Amino acid sequence: MTQKVAVITGGATGIGKSTAMLLASKGIKVVISGRREAVGQKAIEEIRAQGGDAAFIAADVDNETQVSQIIGFAVKKYGRLDLAVNNAGISNETKTIGDSDPAKFQAMLQTNVMGVYLCMKYEIQQMLKN
């Protein structure tokens, strides 16, 4: 049986990190991405300390080139991609609509909607190659 490989965006903290740790504990190789290198490296160290196989790539899901690089990194490191958890997201606009900042709302949409779309675009392309 081929060992499975997962990509988890926003995998350095919170739900993403917990998901990465759980998958790694089941023998799945995990690639986590996030914008903060130091935080990502700390998460990888924790996963490895528990016996998991994990790697980190600094990337922002807002950037199509960087999303493509996440998938390329996973394939170069582990040879395939089987699972994806598109967890990266932001919540930077907490005011009512009448008091909100359109630029902050646009940034939230870019990450939370377009980021998932971009990830799925490249993840599906790769998964179909498996």
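Reading the values: the criteria
- Residues numbered from 1 in each chain as written.
- Predicted model: local features only at pLDDT ≥ 70, side-chain atom pairs only at ≥ 80, totals over all residues.
- Heavy atoms only, no water.
- Helix = DSSP H or I, 4+ residues; strand = E, 2+ residues; numbered from the N terminus.
- Rg over C-alpha atoms; globule rule 2.2 N^0.38 Å.
- Buried < 20%, exposed > 50% of the residue type's maximum accessible area, 1.4 Å probe, protein only.
- Contact = heavy atoms within 4.5 Å.
- Areas by Shrake-Rupley, 256 points an atom, 1.4 Å probe, with all protein chains shown as cover.
- Lys, Arg positive; Asp, Glu negative; His and termini not counted.
- Charge placed at Lys NZ, Arg CZ, Asp CG, Glu CD.
- Patch = residues over 30% accessible without salt bridge, like charges linked within 9 Å, V, L, I, M, F, W, Y side chains within 5 Å.
- Salt bridge = Lys/Arg side-chain N within 4 Å of Asp/Glu carboxyl O.
- 1 Å grid on protein atoms, 1.4 Å probe; cavity = no way out; pocket = protein on both sides within 12 Å on 5 of 7 lines; lining within 4 Å.
- Points joined across faces, edges and corners; volume = space filled by probe spheres on them.
- Polar contact = N/O pair within 3.5 Å; in protein donor to acceptor, adjacent residues only side chain to side chain.
- Nonpolar A, V, L, I, M, F, W, Y, C, P; charged D, E, K, R; others polar.

A. View of the overall build of the protein chain. Assigned secondary structure in the protein chain consists of four helices and four strands. Helices and strands appear in the protein chain in the N-to-C order β-α-β-α-β-α-β-α. Its C-alpha radius of gyration of 15 Å places the protein chain within 12% of the 14 Å reference for a compact globule of 130 residues. Principal axes of the C-alpha set define a box for the protein chain whose edges measure 55 × 30 × 20 Å. Among the 130 residues that make up the protein chain, the fraction classed as buried is 37%. When contacts within the protein chain are restricted to residue pairs at least 6 apart in sequence, those whose partners lie at least 24 apart make up 60%. With an accessible surface of roughly 7,300 Å², the protein chain has 54% of that area assigned to carbon and sulfur atoms. Between the centroid of the 15 positive side chains of the protein chain and the centroid of its 12 negative side chains there is a distance of 8 Å.

B. How the structure looks around a nonpolar patch on the surface. Among the surface-exposed residues, F105, L109 and V113 lie close enough to one another that they form a single nonpolar patch of about 250 Å² accessible area. Since its relative accessible area comes to 40%, F105 is described here as partly exposed.

C. How the structure looks around empty space enclosed by the protein. Throughout the structure, instances matching the rule amount to one cavity of 30 Å³ or more. In this model, the largest cavity occupies a volume close to 40 Å³.

D. Region of interest: the pattern of salt bridges. Under the counting rule described, the total for this entry stands at three salt bridges. With a shortest N-O distance of 2.8 Å, E46 and K17 are connected by a salt bridge. Taken together, the residues E46 in helix α2 (residues 37-49) and K17 in helix α1 (residues 14-25) connect sequence positions 29 residues apart. Linking E64 and K121 is a salt bridge whose minimum nitrogen-to-oxygen distance equals 2.9 Å.

E. Local environment of the environment of Q66. Examined against the element boundaries, Q66 turns out to sit in helix α3 (residues 64-78). For Q66, a relative accessible area of 25% puts it in the partly exposed group. As for Q66 and S33, which are separated by 33 residues in sequence, their C-alpha atoms are 10.0 Å apart. Excluding anything up to four places from it in sequence, Q66 contacts A59 and D60. Of the polar contacts made by the side chain of Q66, one reaches the backbone nitrogen of D60; its length is 2.7 Å.

F. Summary view of the layout of surface pockets. Of the pockets and cavities examined, the largest pocket occupies roughly 300 Å³. Taken together, 19 residues form the lining of the largest pocket, with G10, G34, R35, A88 and G89 sitting closest to its centre. Residue composition of the lining of the largest pocket, grouped by class: six nonpolar, nine polar and four charged.

G. Representation of the side chain of T9. Following the sequence through the fold, T9 ends up in strand β1 (residues 5-9). A distance of 3.0 Å separates the side chain of T9 from the backbone nitrogen of N87, its partner in a polar contact. Here the side chain of T9 touches A88 through a polar contact of 3.0 Å, landing on its backbone nitrogen. Beyond its immediate chain neighbours, meaning those up to four positions away, T9 contacts S33, V61, V85, N86, N87, A88 and C119.

The values are spatial; any link to function lies outside them.
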